[in-house]
2 protein chains.
Amino acid sequence: MQALRFTNKKLKLAEILKPNDKNEALVRVVKSGICRTDLEIVKGYANFAGTIGHEFVGVIEEAKDAPNLVGKRVVGEINVGCGICDLCQSGDARHCPQRTVLGIVGRDGAHAEFLTLPTRNLLEVPAEITNEQAVFTEPLAAAYAITEQVSIKPDTKAAVIGDGKLGILCAQSLALKSRNVVLIGKHKEKLSIIEKRNIEGVLLKHAPKLNRQFDIAVEASGSESGFNFALDLLKPRGKLILKSTFHGEAKWQAWRVVVDEITIVGSRCGRFVPALELLKNKAVDVESLISTEFPLRDGVKAMEQATKKGVMKVLLSITD
Amino acid sequence: MQALRFTNKKLKLAEILKPNDKNEALVRVVKSGICRTDLEIVKGYANFAGTIGHEFVGVIEEAKDAPNLVGKRVVGEINVGCGICDLCQSGDARHCPQRTVLGIVGRDGAHAEFLTLPTRNLLEVPAEITNEQAVFTEPLAAAYAITEQVSIKPDTKAAVIGDGKLGILCAQSLALKSRNVVLIGKHKEKLSIIEKRNIEGVLLKHAPKLNRQFDIAVEASGSESGFNFALDLLKPRGKLILKSTFHGEAKWQAWRVVVDEITIVGSRCGRFVPALELLKNKAVDVESLISTEFPLRDGVKAMEQATKKGVMKVLLSITD
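Since the model is a prediction, treat every value here as computed from it, not as a measurement.

Caption draft 1: Layout of the overall build of chain A. Along its length, chain A carries ten helices and 19 strands. Compactness check: chain A gives a C-alpha radius of gyration of 20 Å against a globular reference of 20 Å for 320 residues, within 12% of the reference. The C-alpha extent of chain A, read off along each of the three principal axes, is 55 × 40 × 40 Å. Considering chain A as a whole, with its 320 residues, one finds that 59% of them fall into the buried category. The contacts in chain A between residues at least 6 apart in sequence include a share of 66% that link residues at least 24 apart. When the accessible surface of chain A is split by element, carbon and sulfur atoms take 48% of a total near 13300 Å².

Below, the structure is given as C-alpha cells:
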C-alpha cells in the first residue's frame, strides 16, 4: 500500500506492506488532514520515524474482536495506552507513559491507505457528518477540551491568540460557552472566517489596547512571543491556556505569573464524543478551514502546500 | 524616628519624620522580620525606594476611624487597594492595579519605629501568639494560600522544592492536609527542621529518583532551575505551584507543559485569618526558623546577616 513516510529525516511516498496487527482493527483510510504537528515532525519534533498523519476518517475492514463494526465509517482517538498502568486503568490512556500515538509516537499514522488502531479507540461517525467534516474530529476535540479544563461562563472574557486552524477551532469552541470571545491574529482574511460566528476578530497590531481585560487567554499561535503576549491580555488571577507546542526553550518572566497569580493550563488532546456531537449539530464551522485537497500520491506536494502562508487545512483524499 | 531605608540604590538607617496619615492607623512596630523580598529589593526588584520591610507585629497608637483599637497588638495585610475599582469592590485588593504594598510598592514599610496602614488591613493578634511568632503571619499566610488555590487531600502526593523559610512554611502548610509531603533541599540541617513534622526531607542530589511521582510540586527555591526540576517531579496532569519570584527571564520547555497537560499556578499572598489560627493552635512551627535577632539600629548588619548561607529568619527588635 502507499504511505506518506518520514524516515531517515526525509519525507517521501513509499510502497509498504499493509499493516497486519490481529489485536487491532484494520481501517481503510478515506481522507486524512495535514496538521501543524505533521509539519513539526518533518522538522524533527518528537523524533518520529514512520508514516505520519493522525487526523482521518476511514472504514473498518477487519475487527476480530468486533466483527459487527466491519464496514462502519469511523474516526479514531490517537493515543493508545498500555491498558494496564494506573493511568490507563483510570481511563486516561492519553497520559500513559508507555503510550503510542498515531503518526506521532511509535505508531504508523493516517496518511496511508490503511492503518490499525485498537477497536476501543474507534468511534462511528454519524451519517449527518461528511467525510471532510469528520477529518476535523481530532483537532476539534483538542480545541473543545479547553471548555472541560477551565470553567467558561456566558460573561467570561476570552481571547484566542493565533488565527490558524487551531486558533479558529478554539475560538469557536469558546464561543459556544461565552458571548465575549475575541480572536487575535495577523490575517484579515482568516479573521473574517469567524466573524459570522459571533466572535470578534482583532488584528494583532491593534491588540495592545485589550491588555489586562481577559479572564482567559488561549495561546494557539505556535510562536514563543504568543505566550508573553497572552500574559499581557490577562486580568490578575486570569488563566492562560497553552495549546501549541513550540520547540526548544522559550523565555518567560516567571515573576509576572506569581505577582498576578496567573494559572497556566497545558492542553493537548480532547475527547472525541463531544467533538462528533458538535459536528453533527453543525455547532462549529470546519469547512471554511479547508484550503485544498490532494490525492495521497501527491502527499509530499500537499505537505509543501500546507507550509505556505495563508494556507489552512490541506486534506488528502486516499480511498473512496 | 529611625527607619531602615533603601534610597538612591543604597541601604541605610535614617532618621525621618514619624508618618502622619490621618486616614490610616498609626502602628508602633514592635518586631519585624527580614524576608527574601527585602534582599531582592536592595538588588533592584520592584524598583522600590523608601523604608523596606513588610513582616511585622506592632501596637496601634492612633486610629481615627476606630479609637477602640488603640493599644491593640496587630499584624497587617500588606496590600492596600484603591478601594473603588472592580477588584477592590469584589474584595480582592491584593490585585488592585493601583495598589500600594507595604515596603514593596509605593508605601514605606515595617523596618521602622512606626508605620501606617488602613485600619481595615489590621488584625488583632490573639494572646496565645508571641511577638516572634506573630511576625510570621504574613509569610505563613502566603504559604498556606496554596491550600486554598489547589485541592489537597490526605493522599495527594506533594513535593516542595527549596528548604529556605518559604519552602519550610509551604511544606508544613501542605502537611496539614496531606500525609504525603516531601521537602527537597540542599541543606541537611534545614531539612531536619521539618522531620519532626511528619514531612520527609530529601537532599536534592537524591531527588531524581522521585521523578514523575507527584500530584503537586511547589517551586519555592527562588532559582530558575527549580522550575524545570519541579516539572520533572510531576505526574501527567500534575500541578506546579510557582511561589518564588526570580528576576528577569527564565527559560522553560513550554511543550512539556502541553504534552503532560500540567497546570502552573502563580501564588503570591494569602489571607491572614487562617494564618493567625494556625499560629494560635501551634499547628505549624515557626520558631525553629528564627536564626537571630538584631536591634533596628543594626538593621544594615541584620540585612547582611540574612544573606549569609545557612541563615534563616532574621528578626529586628524595634520597640518594646
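Caption draft 2: Molecular detail of the packing of helix 4 (residues 137-149) of chain A against helix 5 (residues 165-175) of chain A. All names here are of chain A. In the contact formed by helix 4 and helix 5, the axes pass within 8 Å of each other and the chain directions differ by 45 degrees. Overall, the two elements helix 4 and helix 5 adopt an arrangement that is oblique. For the element pair helix 4 and helix 5, the recorded crossing hand is right-handed. Within the contact between the two elements, helix 4 uses Pro-139, Leu-140, Ala-143, Tyr-144, Ile-146 and Thr-147 and helix 5 uses Leu-169, Cys-170, Ser-173 and Leu-174.

Caption draft 3: Focus on the packing of aromatic side chains. As enumerated under the stated definition, the model contains five aromatic pairs over all chains in all. Ring centres of Phe227(A) and Trp252(A) lie 5.8 Å apart, and the angle between their planes is 65 degrees; this geometry places the pair in the edge-to-face category. Of the two residues, Phe227(A) is situated in helix 7 (residues 224-233) and Trp252(A) in strand 16 (residues 250-252); the sequence distance between them amounts to 25 residues. Given a relative accessible area of 0%, Trp252(A) falls into the buried group. Among the aromatic residues, those joined into a ring-pair cluster are Phe227(A), Trp252(A), Phe227(B) and Trp252(B). A cation over a ring is seen here: Lys18(A) above Phe114(A), with NZ or CZ 4.6 Å from the ring centre. Over the aromatic face of Phe214(B) sits the side chain of Lys157(B), whose NZ or CZ is 5.6 Å from the ring centroid.

Caption draft 4: Representation of the side chain of Arg99(A) within the structure. Looking at where Arg99(A) falls in the secondary structure, it is placed in the loop between helix 2 (86-89) and strand 8 (100-101). Among buried Asp, Glu, Lys and Arg side chains, Arg99(A) stands out as unpaired, with Asp260(B) the closest opposite charge at 4.8 Å. Of note is the side chain of Arg99(A), whose polar atom sits 3.2 Å from the backbone oxygen of Arg94(A). In this structure the side chain of Arg99(A) is engaged in a polar contact, spanning 3.0 Å, whose partner is the backbone oxygen of Cys96(A). Among residues more than four places away in sequence, those in contact with Arg99(A) are Asn79(A), Val80(A), Gly81(A), Ala93(A), Arg94(A), Val105(A), Arg268(A) and Val259(B).

Caption draft 5: Expanded view of the domain arrangement of chain A. All names here are of chain A. For chain A, the assigned domains read domain 1 (2-141 + 270-317) and domain 2 (146-266). When each unit is reduced to the centre of its C-alpha atoms, the spacing between domain 1 and domain 2 is 27 Å. At the junction of the two partners, domain 1 supplies 21 residues and domain 2 supplies 17 residues. When domain 1 packs against domain 2, the two sides together hide about 1700 Å² of surface, and 59% of this comes from carbon and sulfur. Contact with domain 2 buries area across many residues of domain 1, yet Asp-285, Leu-289 and Met-312 alone supply 30% of it, more than any other trio.

Caption draft 6: The arrangement of the relation of the copies chain B and chain A in detail. By a simple turn and slide, chain B fits onto chain A: the slide is 0.0 Å along the axis, the RMSD is 0.0 Å, and the turn is 180 degrees. Both chain copies can therefore be described as sitting about a two-fold axis.

Caption draft 7: Representation of helix 7 (residues 188-195) of chain B. Buried within helix 7 of chain B we find Lys190(B), Leu191(B), Ile193(B) and Ile194(B). In an axial view of helix 7 of chain B, the angular spread of the buried residues amounts to 140 degrees, which keeps them on one side of the axis.

Caption draft 8: Looking closely at the pairing of strand 17 (residues 263-266) of chain B. Residues and elements named next belong to chain B. Burial along strand 17 is two-sided: Thr-263 and Val-265 and Ile-264 and Gly-266, pointing in opposite directions, are all buried. Bridge count for strand 15 (residues 234-242) against strand 17 is four bridges, and the pairing is parallel. Each residue of the ladder has a partner; that of Lys-239, found in strand 17, is Thr-263.

Caption draft 9: Structural view of the sheet that holds strand 1 (residues 2-7) of chain B. Strand order in the open sheet formed by three strands is 2-1-4 (chain B), with antiparallel pairing between adjacent strands. Unpaired on one side and paired on the other, strand 2 (10-15) and strand 4 (50-51) of chain B mark the two borders of the sheet.

Caption draft 10: Main features of the sheet that holds strand 1 (residues 2-7) of chain A. Residue and element names in this part refer to chain A. Spatially, the three strands line up as an open sheet ordered 2-1-4, and their pairing is antiparallel. The sheet is open, and its two edges are formed by strand 2 (10-15) and strand 4 (50-51), each paired on a single side. With two bridges connecting them, strand 1 and strand 4 associate as antiparallel partners. Residue pairing across strands places Phe-6 opposite Gly-50, the latter belonging to strand 4. The sheet strands contacting helix 10 (residues 299-307) are strand 1 and strand 2, and the helix crosses strand 2 at an angle near 150 degrees.

Parameters at a glance
Numbers given for residues are sequential positions, taken from 1 along each chain in its written order. Whichever chain is written first is A, and whichever ligand is written first is 1; the rest continue in order. Per-residue local features of the predicted model are confined to residues with pLDDT of at least 70, and side-chain atom pairs are confined, for both listing and counting, to 80 or more; whole-chain, interface and lining totals are unaffected and use all residues. Values shown for side chains rest on all heavy atoms present in the structure; no hydrogens or waters enter the calculation. Note on conventions: DSSP H or I runs of at least 4 residues are helices, E runs of at least 2 residues are strands, and numbering of each starts at the N terminus. Radius of gyration means the value over C-alpha atoms here, while the globule rule gives 2.2 Å times the residue count to the 0.38 power. Think of it in three bands: residues with accessible area under 20% of the maximum for their type are buried, residues over 50% are exposed, and the middle band is partly exposed, with areas taken using a 1.4 Å probe on protein chains only. Note on contacts: a residue pair qualifies if any of its non-hydrogen atoms lie within 4.5 Å across the two residues. Each accessible area is a Shrake-Rupley estimate made with a 1.4 Å probe; only the visible protein chains count as cover when residues are assessed. Lines fitted to the C-alpha atoms define the axes, with helices restricted to the stretch that makes contact. Angles between their N-to-C directions range from 0 to 180 degrees. With respect to orientation, any angle under 35 degrees is reported as roughly parallel, any angle over 145 as roughly antiparallel, any angle of 65 to 115 as roughly perpendicular, and every other angle as oblique. If you view the pair so one helix is near and one far, a crossing is left-handed when the near helix is turned anticlockwise from the far one by less than a right angle, and right-handed when it is turned clockwise. By convention, a stacked pair of Phe, Tyr or Trp rings (six-membered ring in the case of Trp) has centres within 6.5 Å and planes under 30 degrees apart, an edge-to-face pair has planes over 60 apart, and any other such pair is tilted. Whether a charge lies above a ring is judged from NZ of Lys or CZ of Arg, which has to be within 6 Å of the ring centre and within 35 degrees of the ring normal. Two residue types count as positive, namely Lys and Arg, and two as negative, namely Asp and Glu; His and chain ends fall outside the count. When a carboxyl oxygen of Asp or Glu lies within 4 Å of a side-chain nitrogen of Lys or Arg, that pair is called a salt bridge. A 3.5 Å cut-off defines polar contacts: any pair of N or O atoms within that distance qualifies, except that in protein one atom must be a possible hydrogen donor and the other a possible acceptor, and neighbouring residues in sequence count only when both atoms are side-chain atoms. Domain start and stop positions are those given by an automatic or database domain assignment. A 1.4 Å probe defines the accessible area here, and the buried area is the portion of it lost by two parts on being joined, summed over both. Residues below a pLDDT of 70 in either copy are left out; the C-alpha atoms of the rest, at least 70 in both, set the least-squares superposition of the copies. Taken from the helix axis, the directions to the C-beta atoms give the arc we talk about. In short, DSSP must find at least two bridges between two strands for them to pair.

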